[in-house]
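One-letter residues, chain by chain:
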Amino acid sequence: MQFHCLKGSDISFKLSKIFLLYILSIIVVFAQSRVDGRITDKESGEPLVGVNIFFSKTTWGATTDSQGFYSIRNIPYGKYEMIISMIGYEVIKQDVFVFDNERISMNFILVPEPIQMKEVIVTAKSNKLWKKNLAIFNRIFLGESKNGQACKILNEYVLSFDVNGGALQATASQPLEIENSSLGYRIQYFLAEFTVDNYLVRYAGDSFFVEMDPKSNRQKRKWEKNRNVAYKGSLRHFLTTLGDRFYERFNVNNDEVSQKWNWSMIAGRKKDPLIKEGFDIFINPTISGRSFDRTSFRHINMDTLVFLGNHPENLHLSFRGKMLIRYRYESEELNYTMNNRFRTQPHEQTSFIELKKGSVSFDRKGRYFDPYMIEQQGYTAWERVGDQLPFDYEPK
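Residues numbered from 1 in each chain as written. Predicted model: local features only at pLDDT ≥ 70, side-chain atom pairs only at ≥ 80, totals over all residues. Heavy atoms only, no water.

Along its length, the protein carries 9 helices and 24 strands. Counting over 396 residues, the protein shows a buried share of 42%. Long-range pairs, those at least 24 residues apart, make up 63% of the contacts in the protein between residues at least 6 apart in sequence. Put simply, the protein shows about 22,800 Å² of open surface, and 51% of that area lies on carbon and sulfur atoms. (Helix = DSSP H or I, 4+ residues; strand = E, 2+ residues; numbered from the N terminus. Buried < 20%, exposed > 50% of the residue type's maximum accessible area, 1.4 Å probe, protein only. Contact = heavy atoms within 4.5 Å. Areas by Shrake-Rupley, 256 points an atom, 1.4 Å probe, with all protein chains shown as cover.)

Within this model, the second largest pocket holds a volume of roughly 730 Å³. Together, 26 residues line the second largest pocket, and V91, A172, S173, Q174 and P175 are the ones closest to its centre. Breaking the lining of the second largest pocket down by element, the ones donating at least two residues are β11 (167-172) and β13 (185-196). Ranked by residues supplied to the lining of the second largest pocket, first place goes to β13 with 5 residues. The residue makeup of the lining of the second largest pocket, split by class, is 12 nonpolar, 10 polar and 4 charged. (1 Å grid on protein atoms, 1.4 Å probe; cavity = no way out; pocket = protein on both sides within 12 Å on 5 of 7 lines; lining within 4 Å. Points joined across faces, edges and corners; volume = space filled by probe spheres on them. Nonpolar A, V, L, I, M, F, W, Y, C, P; charged D, E, K, R; others polar.)

Turning our eyes to something else, we now look at the nonpolar core. Judged by nonpolar contacts, the single largest core of 28 residues is most densely connected at F137, F141, L176, I178 and F194. The set of elements that each furnish at least two residues to this core consists of α2 (124-142), β9 (151-153), β10 (159-164), β11, β12 (176-180), β13, β14 (201-211) and α4 (217-231). No other element matches β13, which puts 6 residues into this core. Not counting chain neighbours up to four residues away, the residues in contact with F137 comprise L142, I153, L159, F161, A170, L176, L191 and F194. The next biggest cluster of nonpolar side chains, apart from the first, holds 27 residues, and it includes I283, L315, I325 and L355. (Core = buried A, V, L, I, M, F, W, Y, C linked by side-chain atoms within 4.5 Å.)

Read across the sheet, 4 strands follow the order β3-β2-β5-β6 without closing on themselves; strand pairing throughout is antiparallel. With one partner strand each, in any of the chains shown, β3 (61-63) and β6 (92-98) form the two edges of the open sheet. In this sheet, neighbouring strand axes are inclined to one another by 20° on average, regardless of whether the strands run parallel or antiparallel. The pairing of strand β2 (residues 52-55) with β3 spans 3 bridges and is classified as antiparallel. Looking across to β3, one finds that N52 is bridged to T63. (Pairing = 2+ DSSP bridges. Axes fitted to C-alpha atoms, helices over the stretch in contact; angles between N-to-C directions.)

Right, let's get into the pattern of salt bridges. Scanning all chains against the criterion turns up 17 salt bridges. For R328, the salt bridge is made with D280, and the minimal N-O distance between the two is 3.0 Å. Taken together, the positions of R328 in the loop between β21 (322-327) and α8 (334-337) and D280 in strand β17 (residues 279-284) put the pair 48 residues apart, joining distant regions of the chain. Judged by its relative accessible area of 28%, R328 falls in the partly exposed class. Exposure remark for D280: the relative accessible area of 16% places this residue in the buried category. One network of salt bridges, with partners in common, ties together K322, E354, K356 and E375. (Salt bridge = Lys/Arg side-chain N within 4 Å of Asp/Glu carboxyl O.)

With that settled, the discussion passes to the environment of G321. By the secondary structure assignment, G321 is in the loop between β20 (314-317) and β21. Measuring from C-alpha to C-alpha, the distance between G321 and L355 comes to 7.9 Å, with 34 residues separating the pair along the chain. Apart from residues no more than four positions distant in its own chain, G321 is found in contact with N284, P285, I287, I353 and E354.

Our focus in this paragraph is unusual backbone geometry. The backbone phi angle of K57 is positive, close to 65°, even though this residue is not glycine. As for its position among the elements, K57 is in the loop between β2 and β3.

This part is about the side chain of D392. With respect to the helices and strands, the residue D392 is situated in the segment after α9 (379-382). Here D392 sits buried without a salt bridge, and the closest side chain of opposite charge, R367, lies 6.7 Å off (N-O distance). Sequence-distant contacts of D392, that is, excluding residues within four places in its chain, are made with K57, T58, T59 and W60. (Lys, Arg positive; Asp, Glu negative; His and termini not counted.)

If you walk across this open sheet you meet the 3 strands as β19-β20-β23, and the pairing is antiparallel. Strands with a single pairing partner mark the edges of an open sheet, and in this sheet they are β19 (306-308) and β23 (360-363). Pairs of neighbouring strands in the sheet enclose a mean axial angle of 35°, with direction left out of account. Of the pairings in the sheet, the one linking β19 to β20 comprises 3 bridges and is antiparallel in character. Within β20, the residue paired with F307 across the bridge is H316.

Moving on to the confidence of the model for the protein. A residue-level look at the protein finds 87% of positions with pLDDT of 70 or above and a mean pLDDT of 88. Note that residues 1-30 has pLDDT below 50 and, in this model, 3 contacts with residues that lie over four places away or in other chains. (pLDDT = per-residue confidence, 0-100.)

Helical geometry: 3.6 residues make up each α-helical turn, so side chains three or four residues apart lie on a common side. For α4, with 15 residues, the first-to-last C-alpha span of 21 Å sits near the 21 Å given by 1.5 Å per residue. When we look at burial in α4, the residues that qualify are W223, N226, R227, A230 and Y231. One side of α4 holds all its buried residues, which, seen down the axis, span an arc of 135°. Turned more than 90 degrees from where α4 packs its buried face, N217, R218, R221, K222 and K225 sit exposed. In this structure, the buried side of α4 is in contact with α3 (146-149), β13, β14 and α5 (235-249). With its phi angle positive at about 85°, G233 sits one or two positions after the end of α4. (Expected span 1.5 Å × (residues − 1). Arc of directions from axis to C-beta.)

If you want it as structure tokens, here you go:
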């Protein structure tokens, strides 16, 4: 048995560390905000029970109680879109900007909306066509990756399809209920748009993630692993890394930005967050659209791609032309590399992005909310809803 004697100064030092950690934990807790409110019926004024309120693309949500009240807590700083939904009522979408340590009161009045069912004459031919369109929708919307193929839409019957000008369009009379058995989420997806033709895939919507209960520790570990793999190399991972790189490069003091003296010794080396996280990026300021001549891209050196927003957590991405992104720490899936014109090296994931306006806002956690302002091509574009994670997912 060994005994260790601590001097008074050692004890004081250790207590100081414990006290500091305690204070930091309090700061973390109290930096979180909350939203409370009540939901009522417009016609009767009565409180509504069972209304779903959630922040889009997250796991943060609540359901109203018997008196119509709800509360969502522990919300970090940021811009969000709040969705208020109940069958038989019009859906409400509300942009919310949450500041640190804030308590927000938001009451809503829902307008009744009759559930309209279109009269559909079902024939063997129409049923066959619907199933064909459903197969196309599942393949393109959920994706052809392993995670995409593990997804199942539980209420496919709410989908309707139409062909307009050679483009397949889909609408849903109710939110899609999706089960992702590979990542361990049940997703409620409010489909706003789905259009696909020979050249373009365009879809958008609001989603609410609920973590599934694992049947065993083994399944839990598998889900955690799959989620981490889905995050690595994703657009959110890339934007987060760009944010980390911005703060590695610049000092920010009262909205004044100045480059650190040692940045030239970090850029392009092991301590550069891009290098550390496995990203190589190249720029061609003169091309756009469906041009993919890789010989004309140049590797970024001291380029400034990210700029400070109106809060230390808010950043702006800005560049001209097209950006080529290679992620070195994961291979492309076989389903992608078998037949794809974007393929370069199968042991790397190659993607392209274009900005559809001068600059796009995102936060330190890589979250952005303009669905069509970053156009993705290549590997990250091939990964669809089946590979999506909630915005509040934190990689292990």
